[in-house]
Amino acid sequence: FANEKGGVGKSTSAFHTCIALCNAGERVAALDVDLRQLTLHRALWARQESEREYGVKLPGPEQIMLPQQNENELAEKLRMARIQNSFIVIDVGGHDSPIARKAIFMADTIVTPVNDSFIDLDMLGHIDPRTGDFKTLGNFARLVEHLKDPGIALRASPLDWVVMQNRSRSLATNNERKVRDALDKIAPAAGFRIVPGLSERVTYRELFPLGLTLFDLDMLPDLGKAQPNAREEIWAMLRALNLPSAALKRAIATPDAQED
């Protein structure tokens with residue numbers, strides 16, 4: 001989960017993806033390479049606290065820590081994590097750095113959340129404000145274009161770059177429609193596909209500091225209601241990511257059975 005623009009929901013999206021894979025029975029490792037904030041790891045630590053406080057067992061990933069933030073340590077930690085885990089979810093900080101580039105370079109799937117803002121789009125591509133025409137790729141898109149070059153990365157399958165529209169409202173404003181039109185114009189040049197993300201919901205903000213998702217409320221009903229629309233929103237995000245997990249696909253295909 002990577003975007004050089006901060007505040008776009010990378011950690012929230014990474015957390016929900018992590019927990020959904022764990023709920024489906026996959027072995028997952030989680031790594032937060034933003035040592036200044038460690039937002040993803042903080043949520044996972046809070047999840048362990050919630051387990052102890054409420055006396056429940058909540059599925060969660062193995063957490064990988066980087067005492068020294070350098071590319072060699074990152075590569076070695078990921079190599080070891082691959083031995084016992086099917087998925088490694090990495091939350092990359094909202095800035096450019098050598099270790100961020102290394103994490104992006106090693107990824108099979110890059111998920112780039114964006115808000116409905118032309119400021120966010122500048123990292124992906126530049127649109128002429130008068131004509132609405134695409135002009136050039138943004139800095140982050142050029143970085144990904146370089147790192148996914150088959151000449152420098154030998155991959156078993158092509159890199160899947162996904163741009164996720166986060167914090168949208170149920171009724172699209174004129175600005176949101178313009179942002180979507182702009183993304184549609186940037187996507188072919190940059191080589192990403194566009195998928196729905198998580199909208200602006202109070203429940204996400206309330207549960208995230210506790211390390212919880214809406215699906216945990218089945219075991220903790222006193223903390224809130226199920227909110228089927230919000231749960232379906234998470235399923236839609238996971239469905240669109242198209243991750244290579246038969247277990248997750250089964251969970252997505254039969255969400256009611258999983259909730260029971």
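What counts and how
- Along every chain, residues carry numbers that run from 1 in the direction the sequence is written.
- Only residues with pLDDT of at least 70 are given local features in this predicted model, and only at 80 or more are side-chain atom pairs given and counted; all residues enter the totals for whole chains, interfaces and linings.
- To get the side-chain values, all heavy atoms of the structure are used, and hydrogens and water are removed first.
- Two strands pair under a simple rule: DSSP has to find at least two bridges between them.
- In DSSP terms, a helix is any run of H or I states spanning at least four residues, a strand is any run of E spanning at least two, and both are numbered starting from the N terminus.
- Axis geometry follows a simple rule: fit a line to the C-alpha atoms, using only the stretch in contact for helices, then measure angles between N-to-C directions, giving values from 0 to 180 degrees.
- Convention used here: angles under 35 degrees read as roughly parallel, angles over 145 as roughly antiparallel, angles from 65 to 115 as roughly perpendicular, and any remaining angle as oblique.
- Contact criterion: two residues are considered in contact whenever any of their non-hydrogen atoms come within 4.5 Å of each other.
- Classes in brief: Ala, Val, Leu, Ile, Met, Phe, Trp, Tyr, Cys and Pro nonpolar; Asp, Glu, Lys and Arg charged; the others, Gly included, polar.
- Burial classes: relative accessible area under 20% of the type maximum marks a residue as buried, over 50% as exposed, and values in between as partly exposed (1.4 Å probe, protein chains only).
- Under the rule applied, a polar contact is a pair of N or O atoms within 3.5 Å (in protein, one hydrogen donor and one hydrogen acceptor; residues adjacent in sequence only if both atoms are side-chain atoms).
- The arc in question is formed by the directions pointing from the helix axis toward the C-beta atoms.
- Disulfides are defined as pairs of cysteine sulfur atoms found within 2.5 Å of each other.
- Whenever Lys or Arg places a side-chain nitrogen within 4 Å of a carboxyl oxygen from Asp or Glu, that contact is recorded as a salt bridge.
- Patch membership needs two things, relative accessible area over 30% and no salt bridge, and members are linked within 9 Å if like-charged or within 5 Å if nonpolar (Val, Leu, Ile, Met, Phe, Trp, Tyr).
- Each accessible area value is a Shrake-Rupley result obtained with a 1.4 Å probe; residue values ignore everything except the protein chains displayed when judging cover.
- Two helices cross in a left-handed way if the nearer one is turned anticlockwise from the farther one by less than a right angle. They cross in a right-handed way if the turn is clockwise.

(A) Molecular detail of the sheet that holds strand E1 (residues 28-32). Taken in spatial order, the 3 strands of this open sheet run E2-E1-E3, and their pairing is parallel. The sheet is open, and its two edges are formed by strand E2 (62-64) and strand E3 (87-91), each paired on a single side. In this sheet, adjacent strand axes meet at a mean angle of 25 degrees when their direction is disregarded. Alignment of E1 against E2, held across 3 bridges, turns out to be parallel. Of the residues in E2, the one forming a bridge with Leu 31 is Ile 64.

(B) Looking closely at the packing of helix H1 (residues 10-23) against helix H9 (residues 228-241). Contact geometry of H1 with H9 gives a least axis separation of 11 Å together with a crossing angle of 85 degrees. In terms of orientation, H1 lies roughly perpendicular with respect to H9. Of the residues in H9, those in contact with Ser 13, His 16, Thr 17 and Ala 20 of H1 are Ile 234, Met 237, Leu 238 and Leu 241. Residue classes in the contact of H1 with H9 are distributed as 5 nonpolar, 3 polar and no charged.

(C) The side chain of Asp 116, seen in detail. Take Asp 116: it is sitting in the loop between strand E4 (109-114) and helix H5 (118-121). What makes Asp 116 buried here is its relative accessible area of 14%. Of note is the side chain of Asp 116, whose polar atom sits 3.1 Å from the side chain of Gln 165.

(D) Region of interest: helix H10 (residues 246-253). When we look at burial in H10, the residues that qualify are Ala 247, Leu 248, Ala 251 and Ile 252. Looking straight down H10, one finds that the buried residues subtend no more than 135 degrees of arc, so they occupy a single side. Facing away from the buried side of H10 by more than 90 degrees, the exposed set consists of Ala 246, Arg 250 and Ala 253.

(E) View of unusual backbone geometry. Phi is positive for Leu 38, close to 50 degrees, though the residue is something other than glycine. Inspection of the secondary structure assignment puts Leu 38 in the loop between E1 and helix H2 (39-54). Despite not being glycine, Asn 242 has its phi angle at roughly 55 degrees, a positive value. Here Asn 242 shows up in the loop between H9 and H10.

(F) Local environment of the sheet that holds strand E8 (residues 193-196). Reading across from one edge, E4-E7-E8 is the order of the 3 strands in this open sheet, with parallel pairing throughout. For this open sheet the edge positions go to E4 and E8, each flanked by a neighbour on one side alone. Averaged over all adjacent pairs, the angle separating strand axes in this sheet is 30 degrees, with direction ignored. Sheet topology places strand E7 (residues 160-165) next to E8; 4 bridges connect them, and they run parallel. Note on E8: the bridge partner recorded for Val 162 is Arg 193. The strands that helix H7 (residues 174-190) touches are E4, E7 and E8; relative to E7, the one it contacts most, it runs at about 175 degrees.

(G) Spotlight on the pairing of E3. By the criterion of burial, E3 is predominantly enclosed, with 4 of the 5 residues buried. Relative to E3, E1 is paired through 5 bridges, and the arrangement is parallel. Each bridged residue has a counterpart across the sheet, and for Ala 30 the counterpart in E3 is Val 89.

(H) Quick look at the state of the cysteines. All told, the structure shown has 0 disulfides when counted by the stated rule. Here Cys 18 is not disulfide-linked; the sulfur of Cys 22 is the nearest cysteine sulfur, at 5.4 Å.

(I) Just the pattern of salt bridges, in detail. Overall, the coordinates contain 11 salt bridges when judged by the stated rule. Between Glu 49 and Arg 52 there is a salt bridge, with its nearest N and O atoms 2.6 Å apart. One end of the pair, Glu 49, and the other, Arg 52, are both in helix H2, 3 residues apart, so they sit about a helical turn from each other.

(J) A nonpolar patch on the surface, seen in detail. A grouping of Tyr 54, Leu 210 and Leu 223 is seen on the molecular surface, where their side chains present a nonpolar patch of about 210 Å² in accessible area. In this structure, Leu 223 sits in the loop between helix H8 (202-207) and H9.

(K) The packing of helix H3 (residues 71-84) against helix H4 (residues 98-106), seen in detail. At a minimum axis distance of 9 Å, the contact between H3 and H4 shows a crossing angle of 35 degrees. Handedness of the crossing formed by H3 with H4: right-handed. On H4, the residues that touch Glu 71, Leu 74, Ala 75, Leu 78 and Arg 82 of H3 are Pro 98, Ile 99, Lys 102, Ala 103 and Met 106. Looking at the contact of H3 with H4 residue by residue, the class counts come to 7 nonpolar, no polar and 3 charged.

Read these as geometric descriptors, not functional statements.
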